[in-house]
Amino acid sequence: MAAHLPEDRPIRWGLLGAGGIARNVSEDISRTEGNVVGAVAARDGERAAEFAAQFPGATSYGSYAELVADPEVDVVYVATTHPSHHEQALMAIAAGKPVLVEKPVCLNARQTHEVLAAARHADVFAMEAMWMRTNPLIRQAEQLVADGAIGDLLGLRAEFGLGLPFDPSHRLYDMSNGGGSLLDLGIYVVTFGYLFLGRPDQVRTTGTLSPTGSEDRVAMQWDYANGTGARLWCSASVSAPNQAVLLGSNGWIATEGAFHRPSGLVISQGDPSRGGGRQHVPDPIAGRGHGYGPEIAEVARCLRAGLIESPLVPHADTIAVMALLDEARADLGVKYPGE
Ligand SMILES: NC(=O)c1ccc[n+]([C@@H]2O[C@H](COP(=O)([O-])OP(=O)(O)OC[C@H]3O[C@@H](n4cnc5c(N)ncnc54)[C@H](OP(=O)(O)O)[C@@H]3O)[C@@H](O)[C@H]2O)c1
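Residues numbered from 1 in each chain as written. Predicted model: local features only at pLDDT ≥ 70, side-chain atom pairs only at ≥ 80, totals over all residues.

When helices and strands are counted, the protein shows nine helices and 14 strands. The globule rule puts the C-alpha radius of gyration for 339 residues at 20 Å, and the 20 Å found for the protein is close to it. Considering only C-alpha atoms, the protein reaches an extent of 60 × 45 × 35 Å along its principal axes. The proportion of buried residues among the 339 residues of the protein is 47%. (Helix = DSSP H or I, 4+ residues; strand = E, 2+ residues; numbered from the N terminus. Rg over C-alpha atoms; globule rule 2.2 N^0.38 Å. Buried ≥ 20, exposed ≤ 12 C-beta atoms within 10 Å, placed from the backbone.)

Written out as structure tokens, the structure is:
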């Protein structure tokens, strides 16, 4: 068990990278009781200083190595683009810092395993920033299915289309910066499928590539020996409603809004003509920031309890999802430089 962080002072977060997601998550860190942004590092020290100036008392660094060496930092949040995660997470762990690493933790399952094994070996906390798994409505859907609210789970579908026009320099399309819809968007639909159904027995993947060779539209059909199945789809260029639906023998559950951060759930139980009906579950965290609060609170809870792994985002699941994404990329013939 790792050292417990004390209860009597806020947890001080250190951010590696001062880009898009770092901004949203740091605003939610400030909103989440018992957590503060303590330090920010960026390749450009001036940009880091500008970012840090928005958070009272936060220090800034022009190098990632300086931040991970800062004794005032309790937990490092790796918020750079995917190809940097492996080296930066290992650097933080080597410095004895707990880490929250943006999804995907690394470019592939091998690297992801290395990072999580290093954290275990060093006895420090590590978690994939798969915030969907900490979302209260997703957790409620899990509980409803486990309680048999829709009978036996027969299958599911989930889609995530961003509608981002092709731009070879954007990280979603730039292969040298971890481009591709699978690691950015597909990771949510694959995590959703894995969360409810586990590892499939058979996978069929089809898709189209963008002009840079990154995957764009990807469709995955998962089948299981017991007859259940999942239909999963993602795309960088195509916009979609981004709904997920769980289909049961006695009803269904559908998300409202983007499924990875739903704004509500609709539950249909039984046969409506025989007294079955629909229920609506509103979002308990509506209006509270960008929706990262439950993820931040879960990291804080684990650190205060001295855990090295969150039961909500287990290491084994993070690696299993990456292995499925590796297989999907292999089926489409997509490799990253150096792989
Ligand atoms: N959880 C979520 O909801 C969510 C949402 C969006 C993205 N993400 C994940 O968060 C990560 C960052 O995404 P983002 O949208 O924030 O990306 P971004 O704004 O394009 O880049 C984030 C930071 O990565 C570094 N970086 C960018 N391009 C680089 C390059 N070519 N070489 C070296 N470093 C580079 C920069 O760090 P410096 O500031 O140090 O220069 C940049 O500020 C990705 O892994 C993504 O999958 C998660």
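With mixed pairing, the eight strands of this open sheet are ordered in space as β8-β9-β10-β7-β11-β12-β13-β14. Edge positions in the sheet fall to β8 (202–209) and β14 (277–282), since each has one partner strand and no second. When the angles between neighbouring strand axes are averaged without regard to direction, this sheet yields 10°. Examined bridge by bridge, strand β7 (residues 153–161) and strand β10 (residues 229–235) share seven bridges and lie parallel to one another. (Pairing = 2+ DSSP bridges. Axes fitted to C-alpha atoms, helices over the stretch in contact; angles between N-to-C directions.)

Here we take up the pairing of strand β1 (residues 11–16). Most of β1 is tucked away: six of the six residues are buried. Side chains of β1 alternate between two faces, with Ile11, Trp13 and Leu15 and Arg12, Gly14 and Leu16 buried alike. Bridge analysis of β1 against strand β2 (residues 35–41) gives six bridges, and the strand direction is parallel. Bridging from a neighbouring strand, leucine 15 pairs with valine 40 of β2. The parallel pair β1 and β2, bridged by helix α1 (residues 20–31), forms a crossover whose chirality is right-handed. (Right-handed = clockwise from strand over helix to strand, strands pointing away.)

Time to look at helix α6 (residues 136–146). Given 3.6 residues to a turn, an α-helix orients residues that are three or four positions apart in the same direction. For α6, every residue scored as buried is listed here: Leu137, Ile138, Ala141 and Leu144. Down the axis of α6, the sector holding all buried residues measures 120°, keeping them to one side. Exposed residues on α6 whose side chains face more than 90 degrees from its buried face are Gln143 and Ala146. Looking at the residues trailing α6, positive phi occurs at glycine 148, about 80°. (Arc of directions from axis to C-beta.)

This next bit is on the environment of histidine 315. Within the secondary structure, histidine 315 is located in helix α9 (residues 315–332). In sequence terms histidine 315 and glycine 96 are 219 residues apart; their C-alpha atoms lie 18 Å from each other. In this structure histidine 315 touches Leu116 and Glu309, once residues within four positions along its chain are discounted. (Contact = placed C-beta atoms within 7 Å.)

Here we come to the domain arrangement of the protein. Once the domains are mapped, the protein shows domain 1 (11–131) and domain 2 (136–284 + 321–332). Between domain 1 and domain 2, the C-alpha centre-to-centre distance is 27 Å. The interface is formed by 10 residues belonging to domain 1 together with nine residues belonging to domain 2. (Domains from an automatic or database assignment.)

Attention now goes to the site of the ligand. Near the ligand, the surroundings consist of 20 residues, among which Gly19, Gly20, Ile21, Ala42 and Thr80 are the closest. Within the residue set of the shell around the ligand, elements represented by two or more residues are α1 and α4 (82–94). Among the domains, domain 1 (11–131) and domain 2 (136–284 + 321–332) are the pair contributing at least three residues each to the shell around the ligand. (Near = placed C-beta within 6 Å.)

Our next topic: the nonpolar core. Within the largest apolar cluster, 98 residues are counted, with the highest numbers of intra-cluster contacts made by Leu15, Val40, Ala41, Tyr77, Val99 and Ala126. Taken together, domain 1 (11–131) and domain 2 (136–284 + 321–332) each give at least three residues to this core, which thus spans both. (Core = buried A, V, L, I, M, F, W, Y, C linked by C-beta atoms within 7 Å.)

What follows deals with the sheet that holds strand β6 (residues 126–128). Reading across from one edge, β3-β2-β1-β4-β5-β6 is the order of the six strands in this open sheet, with parallel pairing throughout. Two strands bound the open sheet, and with one partner strand each, they are β3 (59–61) and β6. Strand-to-strand twist across the sheet, computed as the mean angle between neighbouring axes with direction ignored, equals 25°. By the bridge criterion, three bridges tie β2 to β3 in an arrangement that is parallel.

A separate point is the packing of helix α5 (residues 109–122) against α9. When two helices pack together, their arrangement is given by the angle between the helix axes and by the axis-to-axis distance. At a minimum axis separation of 8 Å, α5 and α9 run at an interaxial angle of 165°. Put simply, α5 runs roughly antiparallel to α9. Two packed elements cross with a definite hand, and for α5 against α9 that hand is right-handed. Facing Ala109, Thr112, His113 and Leu116 of α5, the residues of α9 in contact are His315, Thr318, Ile319, Met322, Ala323 and Asp326. Each residue belonging to the contact of α5 with α9 can be placed in one class, and the counts come to five nonpolar, four polar and one charged. (Parallel < 35°, antiparallel > 145°, perpendicular 65-115°, else oblique. Left-handed = near helix turned anticlockwise from the far one by under 90°. Nonpolar A, V, L, I, M, F, W, Y, C, P; charged D, E, K, R; others polar.)

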